[in-house]
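Results of the structural survey
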Amino acid sequence: MTLINENYLHLEESYLFSTINKKVEKYQKENPEANIISMGIGDVTRPLPQAVIKAFKKAVEEMGRKETFKGYGPEQGYSFLREAIIENDYKPRGVELNLEEVFISDGAKCDTANIQEIFSTENKIAITDPVYPVYVESNVMAGRGGPLDKKGRYKNITYLPCTAENNFQPPTPEEKVDLIYLCYPNNPTGTSLTKDQLKEWVDYAMDNKSIILFDGAYEAYIQEERIPHSIYEIEGAREVAIEFRSFSKTAGFTGTRCAYTIVPEELEAEDSQGKTHQVNKLWKRRQTTKFNGVSYPVQVAAAATYTEKGRKEIKESIKYYMENARIIRESLEDTSLEYYGGVNAPYIWVKTPNMSSWQFFDKLLEEAQVVVTPGTGFGPSGEGYFRLTAFNTRKNTKEAMKRIKKIEF
Ligand code: MLT
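Conventions used here
Residues numbered from 1 in each chain as written. Predicted model: local features only at pLDDT ≥ 70, side-chain atom pairs only at ≥ 80, totals over all residues. Heavy atoms only, no water. Domains from an automatic or database assignment. Contact = heavy atoms within 4.5 Å. Buried area = accessible area lost by both parts, 1.4 Å probe. Salt bridge = Lys/Arg side-chain N within 4 Å of Asp/Glu carboxyl O. Polar contact = N/O pair within 3.5 Å; in protein donor to acceptor, adjacent residues only side chain to side chain. Helix = DSSP H or I, 4+ residues; strand = E, 2+ residues; numbered from the N terminus. Nonpolar A, V, L, I, M, F, W, Y, C, P; charged D, E, K, R; others polar. Pairing = 2+ DSSP bridges. Expected span 1.5 Å × (residues − 1). Buried < 20%, exposed > 50% of the residue type's maximum accessible area, 1.4 Å probe, protein only. Right-handed = clockwise from strand over helix to strand, strands pointing away. Axes fitted to C-alpha atoms, helices over the stretch in contact; angles between N-to-C directions. Disulfide = S-S within 2.5 Å. Near = heavy atom within 4 Å. Areas by Shrake-Rupley, 256 points an atom, 1.4 Å probe, with all protein chains shown as cover. Phe/Tyr/Trp six-rings, centres within 6.5 Å; stacked < 30°, edge-to-face > 60°. Lys NZ or Arg CZ within 6 Å of the ring centre and 35° of its normal.

Further remarks concern the domain arrangement of the chain. According to the domain assignment, the chain contains domain 1 (6-47 + 311-406) and domain 2 (53-308). Each of domain 1 and domain 2 was reduced to a C-alpha centroid, and the two centroids are 25 Å apart. With 34 residues of domain 1 at the contact, the number on the domain 2 side is 50 residues. Across the domain 1/domain 2 interface, buried area totals approximately 3400 Å², and carbon plus sulfur atoms make up 60% of it. Three residues stand out in domain 1 for area buried against domain 2, namely Y15, R311 and N344, and they jointly supply 20% of the buried area on that side. Where domain 1 meets domain 2, there are 0 salt bridges. On the surface where domain 1 and domain 2 come into contact, there are 18 residue pairs in polar contact (both at pLDDT 80 or more). Of all the elements, helix α10 (residues 308-333) adds the most residues to the side of domain 1 that touches domain 2, at 6 residues. Split by residue class, the side of domain 1 that touches domain 2 holds 19 nonpolar, 10 polar and 5 charged.

Strand order in the open sheet made by the 4 strands is β11-β12-β15-β14, with antiparallel pairing throughout. Looking at which strands have only one partner, the edges of the open sheet turn out to be β11 (339-341) and β14 (373-374).

For helix α1 (residues 16-30), with 15 residues, the first-to-last C-alpha span of 22 Å sits near the 21 Å given by 1.5 Å per residue. Of the surrounding secondary structure, the elements contacted by the buried residues of α1 are α5 (133-142), α11 (357-368), β13 (370-371), β14 and β15 (385-389).

The buried count for strand β6 (residues 211-215) comes to 5 of 5 residues, which makes it a mostly enclosed element. Bridge count for strand β5 (residues 179-183) against β6 is 5 bridges, and the pairing is parallel. Counted as the bridge partner of Y181 is L213 from β6. Crossover handedness for the path β5 to helix α6 (residues 195-208) to β6: right-handed. Of the pairings in the sheet, the one linking β6 to strand β7 (residues 241-246) comprises 4 bridges and is parallel in character. Bridge pairing in β7 links F214 to E243.

The next thing to look at is the sheet that holds strand β2 (residues 102-105). Within the open sheet, the 7 strands sit side by side as β2-β8-β7-β6-β5-β3-β4. Their pairing is mixed. Both edges of this open sheet fall to β2 and β4 (157-161), since each of them pairs with a single strand only. Ignoring strand direction, the axes of neighbouring strands in this sheet form an average angle of 20 degrees. In this structure, strand β3 (residues 125-129) lies alongside β5, joined through 3 bridges in parallel fashion. Each residue of the ladder has a partner; that of A126, found in β5, is I180.

Here the focus is the state of the cysteines. In this structure the tally under the stated criterion is 0 disulfides. Lacking any disulfide linkage, C110 is separated from the closest cysteine sulfur, that of C258, by 11 Å. Take C183: it sits in no disulfide, and the sulfur closest to it among the cysteines is that of C162, at 11 Å. A relative accessible area of 2% means that C183 is categorised as buried.

Inspection of the secondary structure assignment puts S138 in helix α5. From its side chain, S138 meets the backbone oxygen of V134 in a polar contact 2.8 Å long. Separated by 3.2 Å, the side chain of S138 and the backbone oxygen of Y135 make a polar contact. In this structure S138 touches T112, A113 and Q116, once residues within four positions along its chain are discounted.

Bringing the site of the ligand into the picture now. Inspection of the region around the ligand gives F17, I41, G42, Y132, N187, Y218, K249, Y347 and R387 as its neighbouring residues. Note that an oxygen atom of the ligand is positioned 2.5 Å from one of the side-chain N or O atoms of Y132. When isolated, the ligand has an accessible area of 270 Å², and the protein chains bury 84% of it. Classifying every residue of the shell around the ligand by side-chain character gives 5 nonpolar, 2 polar and 2 charged. Both domains that meet at the shell around the ligand, namely domain 1 (6-47 + 311-406) and domain 2 (53-308), each give it at least three residues.

So, on to the packing of aromatic side chains. Following the criterion strictly, the structure yields 24 aromatic pairs and no others. Ring centres of F168 and Y340 lie 4.7 Å apart, and the angle between their planes is 55 degrees; this geometry places the pair in the tilted category. In this pair, F168 is assigned in the loop between β4 and β5 and Y340 in strand β11, connecting sequence segments 172 residues apart. In terms of burial, F168 and Y340 fall into one category: buried. Here the aromatic cluster, defined as three or more aromatic residues joined through ring pairs, consists of Y15, F17, F168, Y340, W349, F378 and Y385. Note that R394 overlies the ring of Y320, its terminal NZ or CZ placed 4.2 Å from the centroid.

In structure tokens:
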């Protein structure tokens, strides 16, 4: 009989957000009258900006005319979008990139999951804990995780606990690790790293010849000057880091799908004979075989986010979500719950009052019909916490917080 990839047997039975959905569906079925509000998955609720829609429609029309129709596009993405990214997201921050270093894709989730393929399965992985589950699970699937222990840790992965005790600042690993996943502003804790704090990581990677996989999907939510928007703002980062960005949370593209990954040409890794290779070339090689690019209309739509009107509309949406974050933080002030984050990120990380994350999830669902994300779903150090998202309508945010405030803890 056909054999399976047994690494899959090490995974939890279902993906975090699928487990939550199943629980919510069951509750809704049993309580058809319940008006459930989801403060769980971080999915945008505001429509695409009008500037984006206009460009999107025009590009769709172009696809319907023989003079302007387009078949396969360049696998790495159209240069009009890659140029706009360099000019708008990097140049103003003093970061110089060339076109060959920018790869357009259909999501930071896919890219952060796929990137590990170009590295040896012998590499030691480090993750902050709690963490976006995709980084861990993609490595477990590839065989870098090993079995799950009783504490919820994969044997061969290095966990860097981030808790209130260390102010959610991940400690650099004591041992040498090869690949380090960092996500800042952070999902799920909603906390951020200053330039000096991020520099410690770049220095660690340079000293240990490691590579940082830097997920900047929430960059647009940064409000404070002292927080870097790109890891390349740190000297030396071009030699040690890959950066992932997305239009999903920035411009409402969760259902439209467009993102990009930066792989600098200086970044190198070696083979088993000690010969060095450009990581950029390997990623290009991987993408040209396995990926055919993002559709033309979607790339035109993404480029429209950089027009004057597009930027203005995006700014308004981000302001809207960050006002939700402020409402959540202010409401939590009226409770005995301790909370973190929500200043430079659309997530608020809350300590559960003497109960486990899943017990608290059940209590909130049953007593307030509010769905949150249990912290333990993001890793063992997430136990005793839960995550609230600011991605909701104002009305739902206010109503959810009103209900949470009423609960006796
Ligand atoms: C989350 O809720 O953590 C995000 O929506 C997940 C994602 O971006 O895939």
